[in-house]
Amino acid sequence: MFKKYLTFALLALSSSAFSSSESTSNKHNLENTTMQAINLTTRVGNLAANLYLPTAVKNPPVVIVTGAWTSVKEQMPAVYAQALAQQGYAALTFDFRGWGQSSDTTRFLEDPRRKTEDIRAVIDAVSQLEQVDTSRIAGLGICASAGYMLDAVAGNNKVSSVAVVAPWLHNVAMATQIYGGAESVEGLLAAAKTAQQAEQPVYIEAASSTNPNSLMYQAPYYTEIDRGLIAEYDNQFNVASWDGWLNYNAQLSASLLKQPTLMVASEAMALPAGAHMYLNNAGSNVSATWLDGVSQFDFYDQPAAVNNAVEAIAQHFSTNL
């Protein structure tokens, strides 16, 4: 029953070309850095986290890094965390409740409000980290979590600066258009309601090269074992997620955000229209660096795209942290 509707999810993420001229391993270079797995105690529960530290910098500022929808901390968040550590920043990645190694009774739910609350809880919990300067906290959100990160930072005086990469910033009207129009969205919302009322959770495969009923059928990155299809990836999607996702408005924080904010984007990414709308609605504290020809998935792990993005982010943080 999902094939008709879930095709739109893939189209939404792949509106730019599936270009990938280079491949990169999920085993990152740890030169001049260390990484330690930690259990972060937060007000939403215990969250599994990884802390990346530069070996030559004492008491570095810390950047909380979050990834694309359905992702876990070992995917694109690890790529950016490692790169930031090499630039002299501490970087913290974590699994949201019910994803990866963070257990919860509710699993695989892509709920913007819930994930935003998790980020806020992690911001509060950073005070537990003795190895970092907890007076200098920044946020970095990639793809879908760009909206969550911006929501979490808006009005939060604990965070000094924020950056987003390949931001997916839809409002309800955009989501309706992206996912095939009102009739298709009604079908997805009906499926979500049925899943919410079911005795057992309703999960579907998140990414597959062979299952046309998966959320992301034949999508790059997520279906490639040397990129996103790693052992840690849950590769599941809770169908109840459609309610929160389709009714989410990532544009609302634009007028509320006061921190210096950098957007690293490309006209070739999945939703440049959302980035432009956000910039139009935001104040002078929000700026953008536009890279040429970088697709959504290339932003996740391709060396040239990541290096260019991190260079801009590091410069932004050095000025504002």
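Residues numbered from 1 in each chain as written. Predicted model: local features only at pLDDT ≥ 70, side-chain atom pairs only at ≥ 80, totals over all residues. Heavy atoms only, no water.

### Here we look at the overall build of the protein
Argument step 1. On a plain count of helices and strands, the protein comes out with 10 helices and 12 strands.
Argument step 2. Against the globule reference of 20 Å for 321 residues, the protein gives a C-alpha radius of gyration of 18 Å, in line with a compact fold.
Argument step 3. If you line up the protein on its principal axes, its C-alpha atoms span 55 × 40 × 40 Å.
Argument step 4. Sequence separation of at least 24 residues holds for 74% of the intrachain contacts in the protein that already meet a minimum separation of 6.
Argument step 5. About 12600 Å² of surface is accessible on the protein, with carbon and sulfur atoms providing 48% of the total.
Argument step 6. Taking the average place of the 17 positive charges on the side chains of the protein and the average place of its 27 negative ones, the gap between the two points comes to 6 Å. (Helix = DSSP H or I, 4+ residues; strand = E, 2+ residues; numbered from the N terminus. Rg over C-alpha atoms; globule rule 2.2 N^0.38 Å. Contact = heavy atoms within 4.5 Å. Areas by Shrake-Rupley, 256 points an atom, 1.4 Å probe, with all protein chains shown as cover. Lys, Arg positive; Asp, Glu negative; His and termini not counted. Charge placed at Lys NZ, Arg CZ, Asp CG, Glu CD.)

### Regarding the side chain of Gln-82
Argument step 1. Examined against the element boundaries, Gln-82 turns out to sit in helix H2 (residues 76-86).
Argument step 2. Polar contacts involving the side chain of Gln-82 include one to the side chain of Thr-33, which spans 2.8 Å. (Polar contact = N/O pair within 3.5 Å; in protein donor to acceptor, adjacent residues only side chain to side chain.)

### Here's the deal with the pairing of strand E3 (residues 61-66)
Argument step 1. Within E3, 6 of the 6 residues are buried, which leaves the element mostly enclosed by the surrounding structure.
Argument step 2. Residues of E3 alternate between two faces, with Pro-61, Val-63 and Val-65 on one and Val-62, Ile-64 and Thr-66 on the opposite face, all of them buried.
Argument step 3. Bridge analysis of E3 against strand E5 (residues 133-142) gives 6 bridges, and the strand direction is parallel. Following the sheet pairing, Val-65 is matched in E5 by Leu-140.
Argument step 4. Pairing between E3 and strand E4 (residues 90-94): 4 bridges, direction parallel. If you follow Val-63 over to E4, its bridge partner there is Ala-91.
Argument step 5. Following the chain from E3 across H2 to the adjacent parallel E4, one finds a crossover that is right-handed. (Buried < 20%, exposed > 50% of the residue type's maximum accessible area, 1.4 Å probe, protein only. Pairing = 2+ DSSP bridges. Right-handed = clockwise from strand over helix to strand, strands pointing away.)

### A look at the confidence of the model for the protein
Detailed reading of the predicted coordinates is not advisable wherever pLDDT is low.
Argument step 1. For the protein, the mean per-residue pLDDT works out to 92, and 91% of the residues sit at or above 70.
Argument step 2. Within the protein, the element-level pLDDT minimum falls on helix H1 (residues 3-13), averaging 46, and the maximum on strand E6 (residues 161-165), averaging 99.
Argument step 3. Long-range and interchain partners of residues 1-12, a stretch whose pLDDT sits below 50, account for 35 contacts in this model, where long-range means more than four residues apart.
Argument step 4. Counting contacts from residues 14-28, a segment whose pLDDT is below 50, to residues more than four positions away or on other chains yields 37 contacts. (pLDDT = per-residue confidence, 0-100.)

### Focus on the sheet that holds E6
Sheets are built from strands paired through backbone hydrogen bonds, the pairs being either parallel or antiparallel.
Argument step 1. Overall, mixed pairing links the 8 strands, which are arranged E1-E2-E4-E3-E5-E6-E11-E12 in an open sheet. Only two strands of the sheet have a single neighbouring strand rather than two, namely strand E1 (33-42) and strand E12 (286-290). Strand-to-strand, the axes of this sheet are offset by a mean angle of 25 degrees, without reference to chain direction.
Argument step 2. With respect to the sheet, helix H4 (residues 144-153) is in contact with E3, E5, E6 and strand E11 (261-265), its orientation differing from that of E5 by roughly 145 degrees.
Argument step 3. Lying on the sheet, helix H8 (residues 272-281) is in contact with E11 and E12; it crosses E12 at an angle near 150 degrees. (Axes fitted to C-alpha atoms, helices over the stretch in contact; angles between N-to-C directions.)

### Notes on empty space enclosed by the protein
Argument step 1. Scanning the entire structure with this criterion turns up 2 cavities of 30 Å³ or more.
Argument step 2. Volume-wise, the largest cavity comes out at about 40 Å³.
Argument step 3. Considering only residue class, the lining of the largest cavity consists of 5 nonpolar, 2 polar and 2 charged. (1 Å grid on protein atoms, 1.4 Å probe; cavity = no way out; pocket = protein on both sides within 12 Å on 5 of 7 lines; lining within 4 Å. Points joined across faces, edges and corners; volume = space filled by probe spheres on them. Nonpolar A, V, L, I, M, F, W, Y, C, P; charged D, E, K, R; others polar.)

### What about the side chain of Thr-261?
Argument step 1. The residue Thr-261 is located in strand E11 in this model.
Argument step 2. Among the residues examined, Thr-261 registers a relative accessible area of 2% and is labelled buried.
Argument step 3. A distance of 2.9 Å separates a polar atom in the side chain of Thr-261 from the backbone oxygen of Gln-259.
Argument step 4. In this view, Thr-261 contacts Leu-150, Val-162, Asn-285, Val-286, Ser-287 and His-316; residues no more than four positions away in its chain are not counted.

### Describing the environment of Glu-186
Argument step 1. Relative to the assigned elements, Glu-186 resides in helix H6 (residues 182-197).
Argument step 2. Residue classification places Glu-186 among the exposed positions, given a relative accessible area of 54%.

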